[in-house]
Amino acid sequence: MTVFKEVSLEKFHEIFNTLRDFIELSELKKISRLRSLDEDMKRVIKLFKENSTIISSIRNTVIYVMPVYYYNPYPISGMVLIAYLVAERGPPEKIVKVGFSFSEALRVSSREKAEKIVEERFSILVKLLEKALLSKNPVADKLINLVDCRVEVGIINFLHRIYGDEILNDTETISGLHSVCSGENSFFANNKVIVIPSIDLWVVRDIRNNKIFRYNLLKLEFYEVSSEEKIFYDALFKGFRDLLEPGVVVESYWGYEYAFSSSKTTVDGKNVSLVAIGGYDPEKKKPDYFRDILAISCGESKENRCTVYSFKNKGVLDNITEIKKYVLEDLKEVLLGYILRNEKILGKARGEMAKELAKEREWKILPA
């Protein structure tokens, strides 16, 4: 491995503790512009100069990237850390930015296996960053900031498996991932990825092979969605942008504003309706986060009932009236009414819901 440097356990702890203490102190003091380097700053810069495997400069900015790991056979343990330092020179000030991310513990039985895991799981982002810095690619700055984001790093790694180095030319995707990671946006979607952390939804699309993969936050890996679920994800990729236009805005019992939005699209000749439930930003006049997104699909024959898929719960409902379980208690009637009156919702789905609701009301008024 050329991009990662193996260090001792003691050195790893020294690097980790120095970076952690420096960042915490910087946050405490709100340090961003410094006219002179204090001892902490000097120690951090010295650390990067000694251990960085990538050093580059873009105009008046110097960038250090320090990817290190340790492997300790007794007891078996290991860990990976990727850190960066960006120093911008512009007399008389010096702006310094430092960030780092570290992995979960590596439980491997040999140094060779540790090296393999580091190479397969963590080296792609660093190698892409190295190529971007060498070629002066404008996405280099976004990639550097992604170092702090574990899930987004995993997405970049997976995208590289599918698209190779051409992902470096996809400024939209890299910038979009960075915008969610930095907190600038609460979600992002384009033709390759959908990222909605509020409902634990991280999806990657292999356009060439017509496959869709979802990230498992517990196992920290992507898996291919089933053929039964794929139609819902294809619909989400096609119809997501329309969900940003709220159809109905309501106020909950507690005074919070929520938005319902919808879209209708066709996947492989089959119609699918999407319904989004989310918080509402009155200044931007659009959803600022999502509580869930539901996909509704109906069979062609009278016997085939409509199904509802929840992207948050990854579950399918065969009774459309059960859709109300996905919203707050005081929003249930609003959601049902929104679906019944919404022309973007499949006609068969609205008819099926009307029949089921009529049955429920009829049972409620029957004498005991």
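Residues numbered from 1 in each chain as written. Predicted model: local features only at pLDDT ≥ 70, side-chain atom pairs only at ≥ 80, totals over all residues. Heavy atoms only, no water.

### Side note on the overall build of the chain
For the chain, the helix and strand inventory stands at nine helices and 17 strands. The long-range share in the chain, meaning contacts at least 24 apart out of those at least 6 apart in sequence, stands at 54%. For the chain, the exposed area adds up to about 19,000 Å²; of that, 50% sits on carbon and sulfur atoms. A gap of 1 Å separates the mean positions of the 56 positive and 54 negative side-chain charges of the chain. (Helix = DSSP H or I, 4+ residues; strand = E, 2+ residues; numbered from the N terminus. Contact = heavy atoms within 4.5 Å. Areas by Shrake-Rupley, 256 points an atom, 1.4 Å probe, with all protein chains shown as cover. Lys, Arg positive; Asp, Glu negative; His and termini not counted. Charge placed at Lys NZ, Arg CZ, Asp CG, Glu CD.)

### Observations concerning the environment of Ser-252
Following the sequence through the fold, Ser-252 ends up in the loop between β12 (248-251) and β13 (257-267). Separated by 78 residues in sequence, Ser-252 and Asp-330 have C-alpha atoms that sit 6.4 Å apart. Contact partners of Ser-252, with chain neighbours within four places excluded, come to Tyr-258, Asp-330 and Leu-331.

### Considering the sheet that holds strand β10 (residues 211-216)
Sheet architecture is open: five strands sit in the order β7-β8-β9-β10-β11, paired in antiparallel fashion. One side of each edge strand has no neighbouring strand; the edge strands of this open sheet are β7 (188-189) and β11 (221-224). Bridge analysis of β10 against β11 gives four bridges, and the strand direction is antiparallel. Residue pairing in the sheet places Arg-214 in a bridge with Tyr-223 of β11. On the sheet, helix α5 (residues 150-163) packs against β8 (193-196), β9 (201-206), β10 and β11 and is oriented at approximately 10 degrees with respect to β9. (Pairing = 2+ DSSP bridges. Axes fitted to C-alpha atoms, helices over the stretch in contact; angles between N-to-C directions.)

### So, the packing of α5 against helix α6 (residues 171-181)
Two elements in contact, α5 and α6, have axes separated by 10 Å at closest approach and are oriented at 165 degrees. When the axis of α5 is compared with that of α6, the two are roughly antiparallel. For the pair α5 and α6, the sense of crossing is right-handed. Seen from α5, the contacting residues are Glu-152, Ile-155, Ile-156 and Leu-159; seen from α6, they are Thr-173, Ile-174, Leu-177, Val-180 and Cys-181. Its residues assigned to classes, the contact of α5 with α6 comprises seven nonpolar, one polar and one charged. (Parallel < 35°, antiparallel > 145°, perpendicular 65-115°, else oblique. Left-handed = near helix turned anticlockwise from the far one by under 90°. Nonpolar A, V, L, I, M, F, W, Y, C, P; charged D, E, K, R; others polar.)

### What to know about a nonpolar patch on the surface
Residues Tyr-253, Trp-254 and Tyr-256 make up a contiguous nonpolar surface patch of roughly 510 Å² in combined accessible area. The topology assignment puts Tyr-253 in the loop between β12 and β13. For Tyr-253, a relative accessible area of 66% translates into the label exposed. (Patch = residues over 30% accessible without salt bridge, like charges linked within 9 Å, V, L, I, M, F, W, Y side chains within 5 Å. Salt bridge = Lys/Arg side-chain N within 4 Å of Asp/Glu carboxyl O. Buried < 20%, exposed > 50% of the residue type's maximum accessible area, 1.4 Å probe, protein only.)

### A short note on the confidence of the model for the chain
Per-residue pLDDT for the chain has a mean of 84; in total, 90% of the residues score no lower than 70. In this model residues 30-35 is a low-confidence stretch, pLDDT under 50, and it forms twelve contacts with partners more than four residues away in sequence or in other chains. (pLDDT = per-residue confidence, 0-100.)

### Overview of the layout of surface pockets
Taken as a whole, the largest pocket encloses approximately 690 Å³ of empty space. Forming the boundary of the largest pocket are 25 residues, of which Arg-121, Phe-122, Gly-154, Asn-157 and Leu-220 lie nearest the centre. Secondary-structure elements contributing two or more residues to the lining of the largest pocket are β5 (77-90), β6 (93-102), α3 (111-134), α5 and β11. Residue classes in the lining of the largest pocket are distributed as 14 nonpolar, four polar and seven charged. What the second largest pocket holds in volume is close to 360 Å³. (1 Å grid on protein atoms, 1.4 Å probe; cavity = no way out; pocket = protein on both sides within 12 Å on 5 of 7 lines; lining within 4 Å. Points joined across faces, edges and corners; volume = space filled by probe spheres on them.)

### A look at the side chain of Thr-307
Considering the arrangement of structural elements, one finds Thr-307 in strand β16 (residues 306-310). Residue Thr-307 is classed as buried on the basis of its relative accessible area of 18%. Contact partners of Thr-307, with chain neighbours within four places excluded, come to Phe-232, Ala-295, Ile-296, Ser-297, Val-316, Leu-317 and Asp-318.

### A few points about the sheet that holds strand β17 (residues 315-317)
Reading across the sheet, the six strands line up as β12-β13-β14-β15-β16-β17 and stay open at both edges, with antiparallel pairing between neighbours. Edge positions in the sheet fall to β12 and β17, since each of these pairs with one other strand and no more. With direction set aside, neighbouring strand axes in the sheet form an average angle of 25 degrees. Taken together, the five bridges between strand β15 (residues 286-298) and β16 define a ladder with antiparallel strand orientation. The residue of β16 that forms the bridge with Ile-296 is Val-308. Across the sheet, helix α7 (residues 227-239) touches β13, β14 (270-281), β15, β16 and β17, and the angle it forms with β13 is around 110 degrees.

### Considerations on the packing of aromatic side chains
Under the counting rule described, the total for this entry stands at 16 aromatic pairs. With 5.2 Å between their ring centres and 85 degrees between their planes, Phe-16 and Phe-102 make a pair best called edge-to-face. On the criterion of sequence distance, the pair formed by Phe-16 in helix α1 (residues 9-29) and Phe-102 in strand β6 is long-range, its members being 86 residues apart. Taking relative accessible area as the criterion, Phe-16 reaches 18% and is therefore assigned buried. When its relative accessible area of 29% is taken as the criterion, Phe-102 is described as partly exposed. Ring pairing ties together the aromatic residues Phe-158, Trp-202, Phe-213, Tyr-215 and Phe-222, which thus form one cluster. Lying over the aromatic face of Phe-237, Arg-205 brings its terminal NZ or CZ to 5.5 Å of the ring centre. (Phe/Tyr/Trp six-rings, centres within 6.5 Å; stacked < 30°, edge-to-face > 60°. Lys NZ or Arg CZ within 6 Å of the ring centre and 35° of its normal.)

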